[in-house]
Amino acid sequence: YRWLSYGGAAQGAQAGDGFSRREFSFTLANDIYIRYLSYQDADEWKADMVSKLPHKMDLGAVYTAQPKQKAFISKDGFKEVER
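All of these numbers come straight from a predicted model, not from anything done at the bench.

**Student:** With reference to specific residues and values, describe the packing of aromatic side chains.
**Tutor:** Evaluation of the coordinates by the stated rule reveals six aromatic pairs. On the basis of an interplanar angle of 35° and a centroid distance of 5.7 Å, the ring pair of Phe-24 and Trp-45 is categorised as tilted. Of this pair, Phe-24 sits in strand S1 (residues 22-28) while Trp-45 sits in helix H1 (residues 42-52); the two residues are 21 residues apart in sequence, bridging distant segments of the chain. For Phe-24, a relative accessible area of 0% corresponds to the buried category.

As structure tokens, then:
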């Protein structure tokens, strides 16, 4: 959890909030792919992992906002800031 939470205050973000702005994606059984997942903390992430039981998990970029809020944010307001 700690190494996924690193980061400074890139583009107005709070220092250390990189985890909540990092994209996760899961591949579930039958090749169901879920993208733009994000979590407030390690407990929320663990609970979702246990409930979904992904076959594969990918760690994505850190964005200017939480990836799970992507549908509610303008394209100009949702940018990748760290890979």
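From this point, the narrative continues.
**Student:** Tell me what's going on with the pattern of salt bridges, and back it up with residues and numbers.
**Tutor:** Under the criterion given, the structure shown has five salt bridges. Put simply, Asp-58 and Lys-56 hold a salt bridge, and the shortest N to O gap is 3.8 Å. On the basis of relative accessible area, Lys-56 is assigned to the partly exposed category, the value being 46%. For Glu-80, the salt bridge goes to Arg-83, with nearest N and O atoms at 2.7 Å. What makes Glu-80 partly exposed here is its relative accessible area of 37%. Residue Arg-83 is classed as exposed on the basis of its relative accessible area of 78%.

**Student:** Before we move on, can you summarise the sheet that holds S1 with the specific residues and values?
**Tutor:** Taken together, four strands build an open sheet; the order of strands is S2-S1-S3-S4 and the sheet is antiparallel. The open sheet terminates on both sides in strands that have one partner only, identified here as strand S2 (32-37) and strand S4 (80-82). Shown here is a sheet whose adjacent strand axes are inclined to one another by a mean of 40°, direction ignored. The sheet contacts of H1 involve S1, S2 and strand S3 (56-63), and relative to S1 the element is tilted by about 15°.

**Student:** Account for unusual backbone geometry, naming residues and giving values.
**Tutor:** Even without being glycine, Asp-31 reaches a positive phi, approximately 55°. Accessibility expressed as a relative area gives 69% for Asp-31, which makes it exposed. Phi at Tyr-36 is positive, roughly 60°, even though this residue is not glycine. Turning to its location among the elements, Tyr-36 is positioned in strand S2. Judged by its relative accessible area of 26%, Tyr-36 is partly exposed.

Criteria and thresholds
Residues numbered from 1 in each chain as written. Predicted model: local features only at pLDDT ≥ 70, side-chain atom pairs only at ≥ 80, totals over all residues. Heavy atoms only, no water. Phe/Tyr/Trp six-rings, centres within 6.5 Å; stacked < 30°, edge-to-face > 60°. Helix = DSSP H or I, 4+ residues; strand = E, 2+ residues; numbered from the N terminus. Buried < 20%, exposed > 50% of the residue type's maximum accessible area, 1.4 Å probe, protein only. Salt bridge = Lys/Arg side-chain N within 4 Å of Asp/Glu carboxyl O. Pairing = 2+ DSSP bridges. Axes fitted to C-alpha atoms, helices over the stretch in contact; angles between N-to-C directions. Contact = heavy atoms within 4.5 Å.

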